[in-house]
Amino acid sequence: MTQEFFFHGAKWVGAANRTPETFSVIRGHFHADAGSTVTLHALGLGFFKCYINGKCINPDTFLPLSSDYEGTCDPVDEVLSGHRIYVPEFDISSSVTPGDNVIALHFGGGWYTHAARIYGLPKAIYSITVETGDSLCRFGSDEHCRVNEGFCETYRLKFEKQRLTMWNDCFSPDFDDSRWDFATLTEALETQYCASSCPADALIDELPVKRLRVGGEGYIYDCGQNTTGYPVIRLQAKKGELVRVILSEELLPDGNINRNYGHSQEFQVVSDGEERIVQPEFSWFGFRCFEIAGAAEPVCVKVIHADVPVTSAFDCDNETLNWLYRTFTHTMLCNMHTGHPSDCPHIERLGYTGDGQLTCHAALTALDAEAFYKKWLQD
């Protein structure tokens, strides 16, 4: 399918001074009457979050699903049949109010801007279709949208480290963006635009957190199992103060964080002086324990991975076999992100064909993963 099929004349936009680390927020307006059915197609590259009238409609996803996106520097002597990008669709009718509405896209890092193979610079596009009775109106991103830098900075090669600087709520419909720059038109993708039934990442569970002891820089906490996702913290620091969250799979014998099993995973928050509940943006971690250095406390740990149902069950009188079954299904699910099976969820985070091939039969036996693997095989 073409760009026009999903976006109906909307334009790719970005900030004037884009870099691979530019995490912009783009705001636009659209009108809807009472009782309208409102459909949104949106892309922000690499990952994006979308807000309608201040409410995030995809809070714990990593969209779009990863793919080959468009042509770039490819390996020598490799023949490629084409490129594709997956377009999410949202029914936003329940988030829309009669009259003027505000859409805000916060887009940032992801595989599109990955340092090892940059496809292009960050950009976004959206199209909103409003159906009221027999009438139909469309609104799309263009040079009249407003754009400003976001509050997220990612650095290091595999985006294990992340820094958030909290600031005013730019997603609210009441936010004054008149001092923001107008968006800049950017190059369109030469690619095939696709829909997909592949399950995206989602919030699967929320784990309670237990405080263990005082560590080298702050209190150390444990969520009870190795998993993928991120801690949610309540920020209590003064304005300008830094809070660091250092994550790892294991503790040392003395009870401190084992950084050899942390793989440099860390996120940081610079407080604006307000008490806020915050979490990382555009990244997940593989961890069990973490240390908070600074004035903050954990709320919970969010378990995030592809929303693939478990369609099997196993129980017997041998606890080792029961553990093996539980550990296998959990490990497979924690290695399913953005539409591909990974080698590991926190170091490479890549979908090597060997790992996916060798485990797919067992995964398909235990999980309803047909749509997930079909997308991966088509890629």
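Residues numbered from 1 in each chain as written. Predicted model: local features only at pLDDT ≥ 70, side-chain atom pairs only at ≥ 80, totals over all residues. Heavy atoms only, no water.

Caption draft 1: Spatial organisation of the sheet that holds strand β11 (residues 146-149). Strands sit in the order β5-β4-β8-β2-β11-β14 across an open sheet of six strands; the sheet is antiparallel. With partners counted over all chains shown, the strands left at the sheet margins are β5 (55-56) and β14 (181-182), one partner each. Pairing analysis gives two bridges linking strand β4 (residues 48-52) to β5, with the strands arranged antiparallel. In the strand pairing of β5, isoleucine 52 is matched with lysine 55. (Pairing = 2+ DSSP bridges. Helix = DSSP H or I, 4+ residues; strand = E, 2+ residues; numbered from the N terminus.)

Caption draft 2: Quick look at the nonpolar core. Phe7, Leu43, Tyr193, Ile233, Phe290 and Ile292 are the most contacted members of the largest nonpolar core, which has 41 residues in total. With five residues, the single largest contributor to this core is strand β19 (residues 219-235). Apart from residues no more than four positions distant in its own chain, isoleucine 292 is found in contact with Glu217, Gly218, Tyr219, Tyr221, Ile233, Val243, Arg244, Val245, Glu297 and Pro298. Of all hydrophobic cores here, the second largest spans 25 residues; its members include Ile26, Ala32, Phe48 and Leu63. (Core = buried A, V, L, I, M, F, W, Y, C linked by side-chain atoms within 4.5 Å. Buried < 20%, exposed > 50% of the residue type's maximum accessible area, 1.4 Å probe, protein only. Contact = heavy atoms within 4.5 Å.)

Caption draft 3: Examining helix α2 (residues 319-334) more closely. With 16 residues, α2 should reach 22 Å at 1.5 Å per residue; the first-to-last C-alpha distance of 22 Å fits that figure. Residues of α2 that are buried: Asn322, Tyr325, Thr329, Met332, Leu333 and Cys334. By the N-cap criterion, in which a side-chain oxygen at the helix start approaches the backbone nitrogen of a residue two or three places on, α2 is capped by asparagine 318, the distance to threonine 320 being 2.9 Å. (Expected span 1.5 Å × (residues − 1). Polar contact = N/O pair within 3.5 Å; in protein donor to acceptor, adjacent residues only side chain to side chain.)

Caption draft 4: Here's a closer look at the packing of aromatic side chains. Here the structure, examined in full by the defined rule, presents 17 aromatic pairs. Here phenylalanine 47 and phenylalanine 62 contribute two aromatic rings whose centre-to-centre distance is 5.6 Å and whose plane-to-plane angle is 50°, an arrangement assigned as tilted. A residue pair is termed long-range when its members are at least 10 positions apart, and phenylalanine 47 in the loop between β3 (37-45) and β4 and phenylalanine 62 in the loop between β5 and β6 (84-86) qualify at 15 residues. Owing to a relative accessible area of 2%, phenylalanine 62 belongs among the buried residues under this scheme. Taking 6.0 Å as the distance between ring centres and 10° as the angle between the ring planes, the aromatic pair formed by tyrosine 112 and tyrosine 119 counts as stacked. (Phe/Tyr/Trp six-rings, centres within 6.5 Å; stacked < 30°, edge-to-face > 60°.)

Caption draft 5: Spotlight on a nonpolar patch on the surface. A cluster of nonpolar residues, Phe314, Leu321, Trp323 and Leu324, forms a patch on the protein surface that exposes about 410 Å² of accessible area. Among the secondary structure elements, leucine 324 is positioned in helix α2. Look at leucine 324 and you get partly exposed, because its relative accessible area is 49%. (Patch = residues over 30% accessible without salt bridge, like charges linked within 9 Å, V, L, I, M, F, W, Y side chains within 5 Å. Areas by Shrake-Rupley, 256 points an atom, 1.4 Å probe, with all protein chains shown as cover. Salt bridge = Lys/Arg side-chain N within 4 Å of Asp/Glu carboxyl O.)

Caption draft 6: Summary view of the pattern of salt bridges. Using the criterion set out here, one finds 17 salt bridges in the structure. As a salt-bridge pair, lysine 375 and aspartate 379 come within 2.7 Å of each other at their nearest N and O atoms. Residue class for lysine 375 comes out buried when judged on its relative accessible area of 2%.

Caption draft 7: Spotlight on the environment of leucine 185. The residue leucine 185 is located in strand β15 (residues 184-185) in this model. In sequence terms leucine 185 and glycine 14 are 171 residues apart; their C-alpha atoms lie 6.5 Å from each other. Residues in contact with leucine 185, not counting those within four places in the same chain, are Lys11, Trp12, Val13, Asp142 and Glu143.

These results come straight from atomic positions and should not be treated as a statement about function.
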